[in-house]
Every structure is written in C-alpha cells, then in structure tokens.
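What follows is each chain in one-letter form.
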Amino acid sequence: MTLQPTLMNASAARYSDGALRLEQTNLSAIAETVGTPAYVYSESMLSEQYRVLDESLKTLPHQIHYAVKANSTLAILKLFAELGAGFDIVSGGELSRVLAAGGAPDRVVFSGVGKSTEEIDFALKTGIECFNVESASELARISQRAQLLHKRAPVALRINPNVDAMTHPYISTGLKENKFGVAQEDAVILYQQAHADPHLRVKGIACHIGSQISDPEPLFDALDQLLLLVDELNKQGIVLSDIDLGGGFGVVYQDESDFDVDAWGSSVVQRLAGRDLHLSVEPGRFLTANAGILLTRVEYLKPAESGKNFAVVDAAMNDLLRPSLYQAWHGVLPVSENSEARAKRWDIVGPICESGDWLAKDRQLALREGDLIAILSAGAYGSTLSSNYNTRPRAAEVMVSGEKYRVVRRRESLQDILSTESF
Ligand code: LLP
C-alpha cells in the first residue's frame, strides 16, 4: 500500500493483520452486522482531539464550544458534553439536539445570520450563554423579544474583521464581501446602543473567519483586530468579559500542513495575557473529521479499455456531499488489504443520476465487486450534510470504542422518509 504517511497518521483508521480497523474493531465486522453505507466513528479519537485542544489553552480561563453543524449526532454531542464542552449552534434544531444530549444550556452560544423570532424565543427561554449577533436588525429583534419575555439577553457582536482565511471561497467567512458579522466600522455604535439597552446584557465579542485553516496567521490577525476594538470600547466604559475566536482549525485530508494546535494555543495565550477576558473557541472539523470514516461496498466495477475506470459503490453524494460541493479530497482505503485484484486507477462514484456524484477520483486501488472500502476523514460535515436525494435513506452511524461498537443512529427506513408526506 503506497500512502502518504501524513494521511495514515491523520485518520483514526489503521491496518492490523491485513484488516482495516477503527480502534480494535474490524470494519468488515461492522459492515456484516450494520450494513453499508455506514458512518463509523472512533470514540477515543474524538476524546483525544478534544483533550489536545483543551490542553493547548490550559493556562487561560476558556471554554470549548463544539460547532454542532460539523456532526450533530446525539452520541457525539453527549460525549463532548461529558468532556466539558459547550456548544456553538446555528438553529433551534441544533439547540434541541444539544438539550437532548444533556448539554448545559448556559454553555451554548448561538451564531448565524438568520435567527428567526421563534428560535430567539426558544434560546431566551432556555437560558443560553450568549447570542453572537450578526446585524443591527438582529440586535433590535433580540432586544424586542427579550423585553416581551421579561428577559435580559446576553449578547456578543460577531465582528467581520475583513481578513482572508486563505481557504476555499465557500467556507471563507471573514471577508467584507461575505454575509457574516458586523463591519468593524459599525461595531462601536452598535455596542453603545446595546450597552444602553436594558433588555440586553453586553458580554463579549466574537468572530469566525472561515474553515479548514492550516496557517494560523489569519486567526491571529483577526484576534488582534478584536483586541483593538476591546480597547476602544473599554475607553468608552463598555467592558467586555468574553472573547470568542470561532473555529476553523484545519485538519489533514491529503497533504495539508498540520494545524499546530500547541503553537497556536501559546500564541493566543500570549496575546491574551494580562487581560481579563474569558476565551471561547468554536471548533467543529478539528474535533471530528479524522475520527470518522464512511464505510461503503463496491457494487459494480466498470473498467474501461480506454478512458475512465469506474467503481460504483453504495454510498453517494447524498451521503457525503463534500467531494461534489467543494471538490474535496478524501482518502480511500480498502477494508481488506489482501485483495487479489490487480491495482488500477479508479473513480469511486455513487448510484445517483448525476455526473457530479463522485466520492474520489483517480485512485490507485485493487478492487473487486463486493469489496468494502473506507472513505476517510468523513467525521465532519459528512452525516450533517447528507440528504434523501434520489429517495435514498440516510446511512446508519456507528460508534466504536475499543473492541466494541454500537449503532448510534439506525439506518433510515423508506417508511421514515415517506411518513412526513400526504396528498
Ligand atoms: N463557528 C461558526 C460561526 C461557523 O460558521 C463554523 C463553520 C464553525 C464555528 C466551525 O468551523 P470548523 O471548526 O468546523 O472549521 N461544510 C463545509 C464547512 C462549513 C463550515 C461552516 N461554518 C465543509 O464541509 O468543509
């Protein structure tokens, strides 16, 4: 097997005795009992990623708010809640999931540009930690709703620091042309309004500049901008207690440079030294991406004398949208190393009727029909971006812990899909 060592180190999947495993569990055993396609997660890697990040900030008062959108499966939320995580949510639906998983409401921050009145009311009644407010109109609406419900809404302004996160344009959020956050020039006036508003409690300042960021420099630039604003507000008697740096810490899918959490952590600690600010971060991908794989079976091989060789598998773009949507690269490994087939270059495609339905292109693999393969680094923005396109039930999800595994989300049935409809 010729693989970049970084790729093998990054993913939780490992070969042992010719079989691909997550922790000590053979993936083919899971396919036998649970079927395919299935998302499979390593509990110990999820915990370890959390621990590493937490450790890097240990000398500062801080709170990790896991970005629920990366993977909102209840078992994963419960695990992070038990490890002490708070949560970054972007909808009432995500708030319901956090509560169902036993997450503490007062460790929830609510981000997003389009919070509805219903969602704001739900969050106010639940008693969340903070609204990360993204516009003047939203601030006014939160104040109105708080007044009506006799509450005082905790707020932070999400600042758009206008820095380039140097990542894929779809997942870059900190530039002026993006829809996110409040422009720095407008921030002071909004803070003054919020400060004077008896229905609001101004807590902090927030930003999130993008996702899959490998080079920490843009993150530091954003932090420095935020600190300038904190100082400016201080002079005006508006004292903030919280600073939220968002998420975005990159992971290795292929040959990206590893995000150096410790170096990033010590730089953040240095910049915040001597300030009375409680730090928050909102990682999603960093905690879950490489802890998960998508397990799928080869249905048909379509070798070609000239042109492309296609391996049609039972997972598709409805299960894992990232390749189609972002041309994202995910590693692919055979579950059994002992295939007798001759290696060829394959495009791994799904059964959906679109040419955009592919999971990986041009991969040198020895494949036979019926073989199992693992699509790596699928723990973040995999199951949460899945859909029922082509009326395909959503995949089962499995949590591995050592030699044991359990289904944490059963495979959706056709009955589940049809049950919401009527004539
Ligand atoms: N906080 C906010 C306000 C966010 O919008 C996001 C992600 C995060 C935190 C977490 O970012 P992370 O640490 O996971 O990079 N579907 C895309 C990624 C979209 C990210 C959206 N916002 C993908 O599959 O690459």
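Just so you know, these numbers come straight off a predicted model, no measurement behind them.

Colleague: I'd like to hear about the nonpolar core, residue by residue, with values.
Modeller: With 123 residues, the main nonpolar core has L27, F131, Y191, I243, W264, V268 and I348 as its most contacted residues. At nine residues, the largest contribution of residues to this core is made by helix 9 (residues 217-235). Once residues within four sequence positions are removed from consideration, I348 is found in contact with A311, V313, W358, L359, A360, L365, L367 and I373.

Colleague: Which residues make up the packing of helix 6 (residues 117-126) against helix 7 (residues 136-148), and what are the values?
Modeller: The geometry of helix 6 relative to helix 7 is characterised by a closest axis approach of 10 Å and an angle of 55° between their N-to-C directions. Between helix 6 and helix 7, the angle is such that the two are oblique. Considering the relative orientation of helix 6 and helix 7, their crossing is right-handed. Every residue of helix 7 that contacts helix 6 at T117, I120, D121 and L124 is listed here: R141, I142, R145 and A146. In terms of residue class, the contact of helix 6 with helix 7 is built from four nonpolar, one polar and three charged.

Colleague: Residues and numbers for the packing of aromatic side chains, please.
Modeller: Counted under the stated rule, the structure contains nine aromatic pairs. Where F249 meets W264, the ring centres are 4.7 Å apart and the plane angle is 50°; that geometry is what we call tilted. Of this pair, F249 sits in the loop between strand 12 (242-244) and helix 10 (261-272) while W264 sits in helix 10; the two residues are 15 residues apart in sequence, bridging distant segments of the chain. Aromatic pair F259 and W264: ring centres 6.2 Å apart, planes at 50°, arrangement tilted.

Colleague: Lay out the pairing of strand 8 (residues 130-133) in plain terms, naming residues and giving numbers.
Modeller: Residues C130 and N132 point to one face of strand 8 and F131 and V133 to the other, with burial holding for every one of them. Note: strand 7 (residues 108-110) against strand 8, two bridges, orientation parallel. Its bridge partner lying in strand 8, V109 is registered against C130. One crossover worth recording links strand 7 to the parallel strand 8 by way of helix 6, and it is right-handed. Across three bridges, strand 8 lies against strand 9 (residues 153-160) in parallel orientation. Residue pairing in the sheet places N132 in a bridge with A156 of strand 9. In the classification by handedness, the crossover that spans strand 8, the intervening helix 7 and the parallel strand 9 is right-handed.

Colleague: Outline empty space enclosed by the protein, supporting the account with residue identities and numerical values.
Modeller: All chains considered together, the criterion is met by four cavities of 30 Å³ or more. Reported here for the largest cavity is a volume of approximately 90 Å³. Residue assignment for the lining of the largest cavity shows that the elements contributing at least two residues are strand 8, strand 11 (200-206) and strand 12. Each residue belonging to the lining of the largest cavity can be placed in one class, and the counts come to five nonpolar, four polar and four charged. In this structure, the second largest cavity occupies an estimated 60 Å³ of space. Forming the walls of the second largest cavity are C207, I209, L219, F220, A222, L245, F249, W264 and V268. Secondary structure elements with two or more residues in the lining of the second largest cavity: helix 9 and helix 10. Ranked by residues supplied to the lining of the second largest cavity, first place goes to helix 9 with three residues. Looking at the lining of the second largest cavity residue by residue, the class counts come to nine nonpolar, no polar and no charged.

Reading guide: rules and limits
Per chain, residue numbering runs from 1 following the sequence as it is written. Whole-chain, interface and lining totals are the exception, using all residues; otherwise, since this is a predicted model, local features are given only for residues with pLDDT of at least 70 and side-chain atom pairs are given and counted only at 80 or more. With hydrogens and water stripped out, all remaining heavy atoms of the structure feed into the side-chain values. Note on terminology: a nonpolar core comprises buried Ala, Val, Leu, Ile, Met, Phe, Trp, Tyr and Cys residues joined through side-chain atoms within 4.5 Å. Here's how the labels work: a residue is buried when its accessible area is under 20% of the maximum for its type, exposed when over 50%, partly exposed in between, all with a 1.4 Å probe on protein chains only. For helices the rule is a DSSP run of H or I covering at least 4 residues; for strands it is a run of E covering at least 2, with both sets numbered from the N terminus onward. Note on contacts: a residue pair qualifies if any of its non-hydrogen atoms lie within 4.5 Å across the two residues. Working convention: axes come from line fits to C-alpha atoms, limited for helices to the stretch in contact. Angles between N-to-C directions cover 0 to 180 degrees. In these notes the angle categories are as follows: under 35 degrees is roughly parallel, over 145 is roughly antiparallel, 65 to 115 is roughly perpendicular, and the rest is oblique. For any pair of crossing helices, the crossing counts as left-handed if the nearer helix is rotated counterclockwise from the farther one by less than a right angle, and right-handed if it is rotated clockwise. Polar here means any residue outside two lists: the nonpolar Ala, Val, Leu, Ile, Met, Phe, Trp, Tyr, Cys and Pro, and the charged Asp, Glu, Lys and Arg; Gly therefore counts as polar. Note on aromatic contacts: the rings of Phe and Tyr and the six-membered ring of Trp form a pair at centre separations within 6.5 Å, being stacked when their planes are under 30 degrees apart, edge-to-face when over 60 apart, and tilted otherwise. Note: two strands are recorded as paired if DSSP finds a minimum of 2 bridges between them. By definition, the crossover connecting two strands over a helix is right-handed if that path, from the first strand to the second, turns clockwise as seen with the strands pointing away from the viewer. In this analysis the probe radius is 1.4 Å and the grid spacing 1 Å, with only protein atoms considered; a cavity is a set of points the probe fits into but cannot get out of, a pocket is an open set with protein on both sides within 12 Å along at least five of seven lines, and lining residues have an atom within 4 Å of a point. Grid points are joined across faces, edges and corners, and a volume is the space filled by probe spheres set on the points.

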